[in-house]
Amino acid sequence: MAVSAAVLVLRALGIGDLLTAVPALRALRAAYPDDRLVLAAPQGLRDLVELIDAVDELLPTPGLGELAWPGPPPRLAVNLHGSGPESLHDLLQTDPAELLTHHHPDFPDVPGLRWRADVHEVDRWCRLVEYAHLPADRTALRLPAPPGPSPAPDAVVVHPGAAFPARRWPPERFARVVGELAAAGHHVVLTGSAGERDLARSIAERAGLGEDAVLAGRTDLAELAALVAGAALVVCGDTGAGHLATAFGTPSVLLFGPTPPRLWGPPPEARQHVVLWAGNVGNPHGDEPDGGLLLLGEERVLAATRSALEARVPHG
């Protein structure tokens with residue numbers, strides 16, 4: 001590929017990480033309209049990347065230490081991955097004419113914005129591009145609906161998994177919510193990765209639903225995106241599925257803990273998203289459900305889902 005006059009952006013992470021970077025990507029696109037914007041991110045995110053109008057090309061990059069820039073140095077390299085030092089090292093290896101990044105003490109001669117742990121993830125990357133005097137719109141999170149059909153149009157999508165046990169609400173509580181929603185006449189489906197299929201199946205069985213309600217492990221990313229985009233409601237924890245709901249404007253009930261929603265939640269002005277959080281901050285990488293998350297009771301979650309379903313505007 002020709003890579004002259006290219007802007008290279010590193011964000012080799014997951015679904016939520018990609019979607020929270022969309023406003024910063026759009027700010028870079030507006031600032032460099034005649035250059036090709038290349039995003040270094042995992043190949044598995046391609047279906048979502050193709051929905052982002054700011055990105056011209058995906059450079060498949062599984063993670064840190066695996067950035068393979070194939071041509072002349074980019075005119076600008078942007079570190080939307082993290083604070084360094086590994087991400088900084090990867091981008092410096094491309095010999096960019098300019099580098100936009102947070103500062104790291106391992107690279108004292110590389111200027112950058114001071115890293116802050118207390119800002120929302122969307123704000124973090126908008127602040128970085130603003131450090132380069134580029135205007136950014138923090139509300140520019142929406143994506144167009146995927147081109148493919150939904151596997152279950154107008155369903156209530158329940159996504160019980162999360163990357164770490166600390167962020168997983170107990171399956172027996174999800175089963176109660178799923179069962180009540182199904183009994184009220186809603187079409188409920190359970191999503192997740194192939195590794196979460198047993199979890200989803202156990203919840204469906206406990207809730208009295210059949211195997212056809214278990215979509216975990218049976219949808220690729222494009223199908224999951226179409227499912228969320230066409231859903232009546234998404235119910236999940238602090239996961240990528242919640243960020244998909246934000247991207248497509250789908251109503252959601254989000255169970256936060258132990259990370260506070262002020263750092264990773266949907267924008268407060270997007271009133272179709274109901275955020276439940278007990279106020280307890282803990283370790284998001286813990287191997288047991290966080291105590292604060294456990295303070296969210298079934299009745300509170302059920303009340304939030306019923307209210308969200310009553311308030312929604314039907315698709316179409």
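The paragraphs below set out a description of the structure included in this document.

What counts and how
Residues numbered from 1 in each chain as written. Predicted model: local features only at pLDDT ≥ 70, side-chain atom pairs only at ≥ 80, totals over all residues. Heavy atoms only, no water. Core = buried A, V, L, I, M, F, W, Y, C linked by side-chain atoms within 4.5 Å. Buried < 20%, exposed > 50% of the residue type's maximum accessible area, 1.4 Å probe, protein only. Helix = DSSP H or I, 4+ residues; strand = E, 2+ residues; numbered from the N terminus. Contact = heavy atoms within 4.5 Å. Pairing = 2+ DSSP bridges. Axes fitted to C-alpha atoms, helices over the stretch in contact; angles between N-to-C directions. Right-handed = clockwise from strand over helix to strand, strands pointing away. Parallel < 35°, antiparallel > 145°, perpendicular 65-115°, else oblique. Left-handed = near helix turned anticlockwise from the far one by under 90°. Salt bridge = Lys/Arg side-chain N within 4 Å of Asp/Glu carboxyl O.

**Some remarks on the nonpolar core**
Argument step 1. Counting residues in each nonpolar core, the largest one holds 57 residues, and the members touching the most others are Val-9, Leu-25, Leu-48, Leu-80 and Phe-248.
Argument step 2. In terms of residue count, the dominant contributor to this core is helix 8 (residues 221-229) (6 residues).
Argument step 3. Leave out the neighbours within four places in its chain, and Phe-248 touches Leu-48, Leu-51, Arg-142, Leu-143, Pro-144, Ala-145, Pro-146, Ala-225, Val-228 and Ala-229.
Argument step 4. Core analysis: the second largest hydrophobic core is formed by 31 residues, Trp-169, Val-188, Ala-213 and Ala-304 among them.

**Considering the sheet that holds strand 2 (residues 36-41)**
Argument step 1. A sheet is described by the order of its strands in space; here 5 strands give the open sequence 3-2-1-4-5, paired in parallel fashion. The two strands at the open ends of the sheet, each matched to only one other strand, are strand 3 (57-60) and strand 5 (99-100).
Argument step 2. Across 5 bridges, the pairing between strand 1 (residues 6-10) and strand 2 is parallel. Within the sheet, the bridge partner assigned to Leu-8 lies in strand 2 and is Val-38.
Argument step 3. The strands touched by helix 2 (residues 22-31) within the sheet are strand 1, strand 2 and strand 4 (76-79), with strand 2 carrying the most contacts at an inclination of about 155°.

**Side note on the pairing of strand 8 (residues 233-237)**
Argument step 1. Of all 5 residues making up strand 8, 5 are buried, and the element is well covered by its neighbours.
Argument step 2. What you see with strand 8 is no split at all: Leu-233, Val-235 and Gly-237 on one side and Val-234 and Cys-236 on the other are buried throughout.
Argument step 3. The pairing of strand 6 (residues 156-159) with strand 8 spans 4 bridges and is classified as parallel. The residue bridging Val-156 from the neighbouring strand is Leu-233, located in strand 8.
Argument step 4. Note that strand 8 and strand 9 (residues 252-256) share 4 bridges and pair parallel. Note that in strand 9 the partner of Cys-236 across the bridge is Leu-254.
Argument step 5. For the handedness criterion, the β-α-β arrangement of strand 8, helix 9 (residues 240-248) and strand 9 is classed as right-handed.

**Some words on the sheet that holds strand 6**
Argument step 1. The strand order 7-6-8-9-10 describes an open sheet built from 5 strands, whose pairing is parallel. Each edge of the open sheet is held by one strand with a lone partner, namely strand 7 (188-190) and strand 10 (273-277). Within this sheet the neighbouring strands show an average axis-to-axis angle of 15°, counted without direction.
Argument step 2. Strands in contact with helix 9 are strand 6, strand 8, strand 9 and strand 10; relative to strand 8, the strand with the most contacts, it is inclined by about 145°.

**So, the packing of helix 2 against helix 5 (residues 121-131)**
Argument step 1. Helix 5 packs onto helix 2 with a crossing angle of 20° between their chain directions and a minimal axis gap of 8 Å. Viewed along their axes, helix 2 and helix 5 adopt a mutual orientation that is roughly parallel. The two elements helix 2 and helix 5 meet at a crossing, and its hand is right-handed. Residues Pro-23, Ala-24, Ala-27 and Leu-28 of helix 2 touch helix 5, and the partners they reach there are Val-122, Trp-125, Cys-126 and Val-129.

**Observations concerning the pattern of salt bridges**
Argument step 1. Applying the stated criterion across every chain, the model contains 16 salt bridges.
Argument step 2. Between Arg-116 and Asp-118 there is a salt bridge, and its shortest N-O distance comes to 2.9 Å.
Argument step 3. Across the pair Glu-299 and Arg-176 runs a salt bridge whose closest N-O atoms are separated by 2.5 Å. Of this pair, Glu-299 sits in helix 12 (residues 298-311) while Arg-176 sits in helix 6 (residues 171-183), and the two are 123 residues apart along the sequence.
Argument step 4. A relative accessible area of 28% means that Arg-176 is categorised as partly exposed.
Argument step 5. When salt bridges with common partners are traced through the structure, they connect Arg-176, Glu-180, Glu-298, Glu-299 and Arg-306 into a single cluster.

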